[in-house]
Amino acid sequence: MKKNLLIIMTLLMTINTLAQEPALYHVTYDCEAKSAAGAAKLYRWSLDIGKTTAVFYNDNERGFNEDLAKLHVNGDPIRALEQMDALNKKYPTKNSLQVLLGSPQKDKYTYFNSILNSKLKYEEPLPEIAWQLADSSKTISGYECRQAQGTLYGRTWTVWYAIELPLNYGPYLLRGLPGLILDAADNEGCFHFMLAGIEKASGNKTVSLFMDKDAQKCTRKRYLKMRTETNGLSQKQIVDRVLSQGGYDEDASATEITDDKGNDISDQVLPKKNFLDKE
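The following refers to the structure shown. (Residues numbered from 1 in each chain as written. Predicted model: local features only at pLDDT ≥ 70, side-chain atom pairs only at ≥ 80, totals over all residues. Heavy atoms only, no water.)

1. Observations concerning the overall build of the protein chain
Heads up, the condition is: Elements are defined by DSSP. Helices are runs of H or I of four residues or more, strands are runs of E of two residues or more, and each kind is numbered from the N terminus. To sort residues, take the accessible area from a 1.4 Å probe on protein chains only and compare it with the maximum for the residue type: under 20% means buried, over 50% means exposed, and anything in between is partly exposed. Residue contacts are counted whenever heavy atoms from the two residues lie within 4.5 Å of one another. Residue-level accessible areas treat just the shown protein chains as cover; the underlying method is Shrake-Rupley with a 1.4 Å probe.
Along the protein chain, the regular secondary structure elements total five helices and 12 strands. Within the protein chain, the fraction of its 279 residues that count as buried is 44%. Counted over contacts in the protein chain with a minimum sequence separation of 6, partners at least 24 positions apart contribute 56%. Surface exposure of the protein chain reaches about 15400 Å², of which carbon and sulfur atoms provide 49%.

2. Describing helix α4 (residues 220–230)
The test is simple: As used here, the arc is the angular range of directions from the helix axis to the C-beta atoms.
Taken together, the buried positions of α4 are Arg220, Tyr223, Leu224, Met226, Arg227 and Thr230. The buried residues of α4 all sit within an arc of 160° when viewed along its axis, so they share a single face. Turned more than 90 degrees away from the buried face of α4 sit Lys221 and Thr228, all of them exposed. Directly after α4, the chain includes Gly232, whose backbone phi takes a positive value near 85°.

3. Side note on the pattern of salt bridges
Applied cut-off: We define a salt bridge as a contact between a side-chain nitrogen of Lys or Arg and a carboxyl oxygen of Asp or Glu at a distance within 4 Å.
One pass over the full model with this rule turns up 11 salt bridges. Put simply, Lys205 and Asp48 hold a salt bridge, and the shortest N to O gap is 3.9 Å. Taken together, the positions of Lys205 in the loop between β11 (191–200) and β12 (216–217) and Asp48 in strand β2 (residues 40–49) put the pair 157 residues apart, joining distant regions of the chain. The exposure class of Asp48 is buried, given its relative accessible area of 0%.

4. Here's the deal with the packing of aromatic side chains
Where we set the bar: When two rings of Phe, Tyr or Trp (its six-membered ring) have centres within 6.5 Å they constitute a pair, described as stacked for plane angles under 30 degrees, edge-to-face for angles over 60, and tilted for the intermediate range.
For the structure shown, the criterion picks out 12 aromatic pairs. Pairing Trp45 with Phe56 gives two aromatic rings, centres 4.7 Å apart and planes at 10°, and the pair type is stacked. Of this pair, Trp45 sits in strand β2 while Phe56 sits in strand β3 (residues 54–58); the two residues are 11 residues apart in sequence, bridging distant segments of the chain. Since its relative accessible area comes to 0%, Phe56 is described here as buried. Each ring, one from Tyr122 and one from Tyr223, has its centre 5.7 Å from the other, and the planes form 50°; the classification is tilted. With Tyr122 in strand β6 (residues 118–125) and Tyr223 in helix α4, this residue pair connects regions lying 101 residues apart in the sequence.

5. Structural notes on the pairing of strand β10 (residues 180–186)
Note the following rule: At least two DSSP bridges between two strands are needed for those strands to be called paired.
The element β10 is extensively covered by neighbouring structure, given that six of its seven residues are classed as buried. Two strands pair when backbone bridges link them, and strand β9 (residues 155–162) and β10 are joined in this way by six bridges, in the antiparallel orientation. Within β10, the residue paired with Trp160 across the bridge is Asp183. The sheet contact formed by β10 and β11 spans three bridges and is antiparallel. Along β11, the bridge assignment pairs Ala185 with His192. In this structure, the hairpin formed by β10 and β11 is closed by a connection of four residues, where Gly189 is found at a positive phi of approximately 75°.

6. Some remarks on the side chain of Arg175
For the record, the criterion: When charges are counted, Lys and Arg are positive and Asp and Glu negative, with His and the chain ends excluded.
Mapped onto the fold, Arg175 is located in the loop between β9 and β10. One buried charge, Arg175, has no salt-bridge partner; the nearest side chain with opposite charge is Glu128, at 4.8 Å. In contact with Arg175, other than residues within four places in its own chain, are Leu101, Leu126, Pro127, Ile129, Trp131, Asn168, Tyr169 and Ile181.

7. With respect to unusual backbone geometry
Pro104 follows Ser103 through a cis peptide bond whose omega is 10°. Along the chain, the position of Pro104 falls in the loop between β4 (98–101) and β5 (108–115). We note that Ser141 has phi near 50°; this positive angle belongs to a residue other than glycine. Position of Ser141 among the secondary structure elements: in the loop between β7 (132–140) and β8 (143–152). Under the relative-accessibility criterion, Ser141 is labelled exposed at 53%.

8. Let's talk about the packing of helix α2 (residues 59–68) against helix α3 (residues 77–90)
Heads up, the rule is: To obtain each axis, a line is fitted to C-alpha atoms, and for helices this fit is confined to the stretch in contact; angles are then taken between N-to-C directions over 0 to 180 degrees. Each angle gets one of four labels, with under 35 degrees taken as roughly parallel, over 145 as roughly antiparallel, 65 to 115 as roughly perpendicular, and the rest as oblique. Helix crossings get a hand from a simple test, with the near helix turned counterclockwise from the far one by less than a right angle marking a left-handed crossing and a clockwise turn marking a right-handed one.
At a minimum axis separation of 10 Å, α2 and α3 run at an interaxial angle of 155°. With respect to their mutual orientation, α2 and α3 come out roughly antiparallel. Crossing geometry of α2 relative to α3 is assigned as right-handed. Together, Phe64, Asp67 and Leu68 of α2 and Met84, Leu87, Asn88 and Lys90 of α3 make up the contact between the two elements.

Note that all results are geometric; they support no functional claim without further evidence.
Below, the structure is given as structure tokens:
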């Protein structure tokens, strides 16, 4: 199986690049992520790799948006809320983060995410990571891996990469090593990415963002400021800010938010999030 995959990789690397190039490989990672309070959740992330670009995204977010587009509520707000609740339970670990590497130019990346009701994206130069290579080795999913350590946007990462998979990518913006990163953990114990699978991508899969056409362009500095201002708001504060952005019918403004048992949680402060990039 491993030998066949290596042959496929060699053949596919000869394909010519298109404007929106086809994905050649589909890599999946499971990531254990902790909130600032220490509560952990397991997220499934995807990395689609083409000849010159790659895109990192959340599987549950894509599934959620695909199902959301199929909903038919016929103006019934109660039915809309019920179906949204069902979707949120179906996709409990969705995350709107997407990163398109090597686009719009080969030395840049496009970052997409949502803050409250706003879709935002910005473009930045691809960060250079000064990797420190180590002699340590171990086997992951049948691949012999070497260890490296580097710092990206305020977090120091220890990673394991497979030289026999000659793809210089990994989860998020971790890249630039002589092999695909199969495992990555930050030194604070907030995030741990573990390879879940790697396969040839399906014929119709492209390396691209999704649901980003209506996103508002901003700068990274502005995005980080908004992220800080909204991190750890109460339920009511979130609803008030979403409504102020025109996200829902003003007549449907919620003055009380309840949990499954009918308890008022309007003033409940949501756990502060940790982020892959700290600065």
